Amino acid sequence: MKLLNLDHVGIAVHDLDAAIASYGERYGIRPLYREVVERQGVEEAMLAVGGSFIQLLTPLGPDTPVGKFLERNGEGMHHVAFAVADIDAALEHLRSEGARLIDEQARPGGRGARIAFVHPKDLTGTLIELVELGDGHE
Ligand code: CMX
Ligand code: CO
């Protein structure tokens with residue numbers, strides 16, 4: 001499997017507007033995209049850092065992955081996302097490795113990307129996201 005780059009680091013926050021403003025003031029980074037991704041139960045903002053992003057995430061409700069995470073841990077780093085050229089091949093490789101997949105198949109994420117998650121208990125307690133970006137975002 002070949003990873004293209006570190007696409008983003010996801011950070012769970014209570015207040016998306018406040019977090020965007022604070023990252024702007026402290027680090028001078030601005031949101032390039034902001035959208036509600038219903039299927040993931042989040043509203044997210046992507047702040048550009050060189051060729052990668054900080055993804056600020058706020059839950060749409062308490063019974064969502066990020067809602068549960070915030071309740072348990074408070075604000076903080078939620079996941080790491082690798083860009084891949086071919087997410088189907090990457091998932092096939094991980095399956096053959098016996099990895100504990102959350103998503104057996106890729107599903108739609110933000111930015112028109114296809115995404116899939118690997119369980120944090122699979123490796124180093126870290127939730128990993130794979131991202132295959134669509135045309136126009138390479
Ligand atoms: N990072 C590290 N560990 C995590 C974690 C995270 N983000 N989320 C949960 N865990 C840990 C819990 O602390 C718990 O550990 P212990 O058993 O030691 O207490 C364990 O995993 C619990 O696992 P679970 O019972 O399956 O817990 P949840 O119901 O909270 O579900 C998970 C966790 C990862 C399966 C769920 O959050 C999920 O499906 N995530 C993928 C989808 C997602 O996160 N979407 C939002 C982001 C969207 C985007 O990036 O665009
Ligand atoms: Co993400």
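Residues numbered from 1 in each chain as written. Chains lettered and ligands numbered in written order. Predicted model: local features only at pLDDT ≥ 70, side-chain atom pairs only at ≥ 80, totals over all residues. Heavy atoms only, no water.

## Section: the coordination of the cobalt ion (ligand 2)
Then comes step 1: Surrounding the cobalt ion (ligand 2) are the protein donor atoms H8 (NE2), Q55 (OE1), H79 (NE2) and E129 (OE), at 2.1 to 2.2 Å.
Then comes step 2: Mapped onto the polypeptide sequence, the residues donating to the cobalt ion (ligand 2) form the spacing pattern H-x46-Q-x23-H-x49-E. You can see H8 sitting in strand β1 (residues 3-12) and its partner E129 sitting in strand β8 (residues 128-132), a full 121 residues away along the chain. Residues H8 and E129 agree in their burial class; the two are buried. (Donors = N, O, S within 2.8 Å, 3.2 Å for Na, K, Ca; no water. Helix = DSSP H or I, 4+ residues; strand = E, 2+ residues; numbered from the N terminus. Buried < 20%, exposed > 50% of the residue type's maximum accessible area, 1.4 Å probe, protein only.)

## Observations concerning the pairing of strand β7 (residues 114-118)
Then comes step 1: Where burial is concerned, most of β7 is hidden: 4 out of the 5 residues are buried.
Then comes step 2: Note: strand β6 (residues 107-108) against β7, 2 bridges, orientation antiparallel. Bridged to P108 within β7 is R114.
Then comes step 3: Between β6 and β7, which pair antiparallel in sequence order, lie 5 residues; one of them, R111, sits at a positive phi of approximately 60 degrees.
Then comes step 4: As defined by bridge partners, β7 adjoins β8 across 5 bridges and the pair is classed as antiparallel. Across the sheet, A116 pairs through a bridge with L130, a residue of β8. (Pairing = 2+ DSSP bridges.)

## Remarks on helix α2 (residues 65-73)
For the α-helix, the turn length of 3.6 residues means that residues three or four positions removed from each other point alike.
Then comes step 1: Every buried residue of α2 is listed here: V66, G67, F69 and L70. Around the axis of α2, the buried residues are gathered within 165 degrees of arc, so they sit on the same side. Seen from the open side of α2, the exposed residues pointing more than 90 degrees away from its buried face are P65, E71 and R72.
Then comes step 2: Considering only its buried residues, α2 is in contact with β1, β3 (42-49), β4 (52-59) and β5 (76-84).
Then comes step 3: Two residues or fewer after α2 comes G74, characterised by a positive phi angle close to 80 degrees. (Arc of directions from axis to C-beta. Contact = heavy atoms within 4.5 Å.)

## Notes on the pairing of β1
Then comes step 1: In terms of strand pairing, β1 meets β5 through 8 bridges, oriented antiparallel. Bridge pairing in β5 links N5 to A83.
Then comes step 2: Here β1 pairs with β4 via 5 bridges, running parallel. Note that in β4 the partner of H8 across the bridge is F53.

## Quick notes on the layout of surface pockets
Then comes step 1: Each pocket or cavity is described by its volume, and for the largest pocket that value is around 660 Å³.
Then comes step 2: Lining the largest pocket we find 29 residues, and of these P65, V66, H78, I102 and L127 sit closest to its centre.
Then comes step 3: Top element by residues in the lining of the largest pocket is α2. It accounts for 6 residues.
Then comes step 4: In terms of residue class, the lining of the largest pocket is made up of 13 nonpolar, 9 polar and 7 charged. (1 Å grid on protein atoms, 1.4 Å probe; cavity = no way out; pocket = protein on both sides within 12 Å on 5 of 7 lines; lining within 4 Å. Points joined across faces, edges and corners; volume = space filled by probe spheres on them. Nonpolar A, V, L, I, M, F, W, Y, C, P; charged D, E, K, R; others polar.)

## Focus: the sheet that holds β8
Then comes step 1: With mixed pairing, 8 strands are arranged side by side in an open sheet as β2-β3-β4-β1-β5-β8-β7-β6. Because the sheet does not close on itself, it has two edges, and the strands there are β2 (31-37) and β6.
Then comes step 2: Contacts from α2 reach β1, β3, β4 and β5 within the one sheet, and its direction differs from that of β5 by about 145 degrees.
Then comes step 3: Across the sheet, helix α3 (residues 87-96) lies against β5, β7 and β8, angled at about 145 degrees from β8, the strand it touches most. (Axes fitted to C-alpha atoms, helices over the stretch in contact; angles between N-to-C directions.)

## A look at the site of ligand 1
Then comes step 1: Neighbouring residues of ligand 1: 18 residues in total, closest Q40, E44, R72, H78 and K121.
Then comes step 2: Between ligand 1 and the protein, one listed contact pairs a nitrogen atom with a backbone N or O atom of H78 at 2.9 Å.
Then comes step 3: Take H79: an N or O atom from its side chain is 3.0 Å from an oxygen atom of ligand 1.
Then comes step 4: Against a free-state accessible area of 980 Å², the protein chains account for coverage of 71% of ligand 1.
Then comes step 5: Elements supplying a minimum of two residues to the shell around ligand 1: α2 and β5.
Then comes step 6: Here the residues of the shell around ligand 1 sort into 7 nonpolar, 6 polar and 5 charged. (Near = heavy atom within 4 Å. Polar contact = N/O pair within 3.5 Å; in protein donor to acceptor, adjacent residues only side chain to side chain. Areas by Shrake-Rupley, 256 points an atom, 1.4 Å probe, with all protein chains shown as cover.)

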